[in-house]
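The primary structure of each chain is shown beneath.
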Amino acid sequence: MNLPARLDGRTRPQLPPTHYLDNRIYTDPDVFETEKESILAGTWRFVCHASEIPEPFDYRLVTVAGHELVLVRGKDGEIRALYNSCAHRGARVVRTAAGRLEQGRMTCFYHLWSYDDKGRCTGISRPSGYRESAVRKDATGLKPVRVETMFGLVFVCLDEAAVSLREFLGEAVIEAMRTPFGIADLEVFHLHRTEIKANWKLFVETNYEGYHELLHLLNRTTGVAQQEYQARQWTNHKRGHVSFDHARISYGNLNYEQREANMMPGMKPNGHVVINLFPDMLLNCRSTVARIDSLMPLSPTRTLLECRGLGLAGDTGTVRAMRVRHHNQVWGPTGINLAEDMWAVQAQMRNMENGSSRYSVIAREEEGPMDDSSLRNFYAEWSRLTGCRPHDLNSGRTGDTGDGNTGDAATRGTDLNPSPDNAG
Amino acid sequence: MLDNVTTEPEMAVEMAEQSALKRLIHASARYLDDHEFHAYLDLYREEGVYSIVTKAPELPEPMIWMQRSRAELQERISAMSEHEWEIAGVEQTRIVSVDIVEVNGATADTSSSFALYHTGQEGLTSCYAVGRYDDRWEKAADTWKLGNRRVMLKTRQLDMLSPLPI
Ligand code: FES
Ligand SMILES: [Fe+2]
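Bear in mind the structure is a predicted one, so any value in this text is a computation, not a measurement.

### Observations regarding unusual backbone geometry
Residues and elements named next belong to chain A.
Then comes step 1: With an omega of 5°, the peptide bond running from Thr179 to Pro180 counts as cis.
Then comes step 2: With respect to the helices and strands, Pro180 occurs in helix α3 (residues 171-181).
Then comes step 3: With an omega of 5°, the peptide bond running from Phe278 to Pro279 counts as cis.
Then comes step 4: Looking at where Pro279 falls in the secondary structure, it is placed in the loop between β15 (271-277) and β16 (281-286).
Then comes step 5: At Gln103, a residue that is not glycine, the phi angle is positive and equals roughly 55°.
Then comes step 6: For Gln103, the location among the structural elements is in the loop between β6 (98-100) and β7 (106-107).
Then comes step 7: Judged by relative accessible area, which is 75%, Gln103 ranks as exposed.
Then comes step 8: Its identity is not glycine, yet Leu112 carries a phi of approximately 70°, on the positive side.
Then comes step 9: Inspection of the secondary structure puts Leu112 in the loop between β7 and β8 (114-115).

### Things to note about the pattern of salt bridges
Residues and elements named next belong to chain A.
Then comes step 1: For the structure on display, the rule yields 39 salt bridges over all chains.
Then comes step 2: The salt bridge involving Arg6 is made with Asp8; its shortest N-O contact spans 3.4 Å.
Then comes step 3: Note on Asp8: relative accessible area 39%, which makes it partly exposed.
Then comes step 4: Salt-bridge contacts for Arg60 lead to Glu52; the nearest nitrogen and oxygen are separated by 2.7 Å.

### A closer look at the interface of chain B and chain A
Then comes step 1: The partner chain A presents 30 residues to the 24 residues of chain B that form the contact.
Then comes step 2: Across the interface of chain B and chain A, roughly 2400 Å² is buried in total on both sides, 58% from carbon and sulfur atoms.
Then comes step 3: For the chain B face of the interface with chain A, the top three residues by lost area are B:Glu58, B:Trp65 and B:Leu161, together amounting to 28%.
Then comes step 4: Taking the shortest distance from any N to any O, the salt bridge between A:Arg193 and B:Glu58 comes out at 2.8 Å.
Then comes step 5: Connecting chain B to chain A are six residue pairs in polar contact (both at pLDDT 80 or more).
Then comes step 6: Counting residues per element, the ones that place at least two in the side of chain B that touches chain A are β2 (63-69), α3 (70-78) and α4 (82-88) of chain B.
Then comes step 7: Per-class residue counts for the side of chain B that touches chain A are 12 nonpolar, four polar and eight charged.

Calculation rules
- Residues numbered from 1 in each chain as written.
- Chains lettered and ligands numbered in written order.
- Predicted model: local features only at pLDDT ≥ 70, side-chain atom pairs only at ≥ 80, totals over all residues.
- Heavy atoms only, no water.
- Helix = DSSP H or I, 4+ residues; strand = E, 2+ residues; numbered from the N terminus.
- Buried < 20%, exposed > 50% of the residue type's maximum accessible area, 1.4 Å probe, protein only.
- Salt bridge = Lys/Arg side-chain N within 4 Å of Asp/Glu carboxyl O.
- Contact = heavy atoms within 4.5 Å.
- Buried area = accessible area lost by both parts, 1.4 Å probe.
- Polar contact = N/O pair within 3.5 Å; in protein donor to acceptor, adjacent residues only side chain to side chain.
- Nonpolar A, V, L, I, M, F, W, Y, C, P; charged D, E, K, R; others polar.

Written out as C-alpha cells, the structure is:
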C-alpha cells in the first residue's frame, strides 16, 4: 500500500476506501435515521438474558430502535415481545421496568382495555359502544415482535422479513458463543446503564479492535506484553460479527488475584474470550465472569450503554461474591476499563461533532491482535445494510456493489478485499 | 431512681457522642471532596469495609458495585493510572445531612443522605449521584472509627465512572 501523502484528520486520506472513514457517519442525522431503519430495526438485537424473566408472567421493558417493547414470559414458558402501545389510542400499557403480570394480564390505565401474556385483547370496556363498528376484542391485540433465543440470550427483531436468528449469527459464531454462554445456565447479577456522549459505533469499535489495548493500563500490564497474546487474531465472520482468539491474562502483573478456580464453563484459567455480534452486542468473558454490553443509540451523539455481569445459576454465595469482585475489578461503574473506553470515545466525539476531525484511519494490517480487519468487517456490513459508503458520505449509496463481506467463509486476519473504488 | 430514665449527665454524654459522629461524617465528605484520601481512610478501622450497593428494578437482589477493605481502597487509589485521575479529577462537592444517629455503648449506627455534585473544567456543575451513607462506627481508645460504610446509591446512571469512593 502507498504511504498517504498527508494524514491530518481533515484531508481525505490516500488510502483504499475500506481503510478510512468519513467521520460524518458518526454525526449526520440522516445517517442516524438510515441506521435506525436498516440496522437497529433491521437486525437481531440482544435485549436481555432469559434469567431476567425466569417465571411465567415475568416481564421486562426493553427498547429497540427507539420502540418500547414488553418482553414477557408466557404461561407456556415462551418469551414474547409486544409493542408497549395500546391498540386503542396508543397509551403506554406497562409502566414499570420489570415485574410479574397480575393474573397474567396487562390492563391499560386509560380506558381499561386489557391484554393477556400473548398480547391478545381480553377485554374492551363498555363493548356495546362498538356494536356499530368493526372493533372486536378477538381481532385486537398488542403487536407482537419476533423473538428468538440462543443460549439463553434473548434477541428481538423488528423486521418481519429478516432471516432467522440462527442464520443471522451463522454456525461459526454460534460455536464461538458456546464458551461460556452455551454450556450451563447463566444468571445476570449486575446491570447498569450509562449514557455515553458519543455515537454508538464509536463504543462498538472499542470492542472491535485490539489496538487501543495500549490505552488500558490493565491490558498493557496483564496482556499485551505476552508472547502468546501477540499471536491472538480476529476472525471475521459474515454479517459483520467477529471473534477474537482466546488469550491468557497475567492478572498477577497488576497484583490482581488469578482467575484459576470456579471458572465459567469451558473457560481456561485466566482465559479471555471476546465475541462481537453486529451491530452492538459485545460479549466478554474473563475466566470467572462474563459481561454483555448492548447499546441503545439515542441520537447521533448520545448512546445509552447497558452492561450486564453474569455468573452461573446456582452459584454458592462465596463463588458469586468472587465473580462480583472479579467483575467489578475490570468492568462495571468502578472497574478499571469501562471508564477509559467511555473517556476515549467521548474525546473522539468532541472533535467529530465540531468538525475538527473529518476522517479516521482503520488501515492496520498485521497478523495479530492489533489488526484492523475486524473494524473493516464491521463497516462492510454497515455499508451493505445502510447503502452508505462509510469512507465518503457524498458519493451516494452503494447499491449492491458487493462491498459487504457476506460470503460464507469467515476470514482470518488482515484483509477483506478492499473495493476497487478508491475515491482517493 | 428508675433504671430507664436518662440522667442529665448521661444525656450530655450522648449528645457529645452524637455531635462527634456528625462531625466525623461531615469530615469524611470533606476529605473526599478535597481528595485527602489518607485522612479519609484514617476514619476507618484497620479491618473497615467500604461498599457501594444499589438496587435495580430488573434484578431481584441488590448489586454490589464496589466492596473494598481499607487496605484495598488504599491500594486501588494509589494504583490509579494517570488516565483514571484525568477522568475522575473533577471538582467534587458533597452535601450531607445526618439523619439518624444511634449510639449503643461502643458501637453506633448512623444514616446520612448525600448529594454529590461535580464541577467540570468549564465550571459547569451537575448532580452526579444521590444516596445514603449507612455507617457502622466502633469506638476504640476513645475514638470513633468506621467499621463499615455502605453507600446505598439511588442514582444508577453515572455519567463518569471511577474507582474513587463516592
Ligand atoms: S389508550 Fe389504552 S384503553 Fe384507551
Ligand atoms: Fe477498551
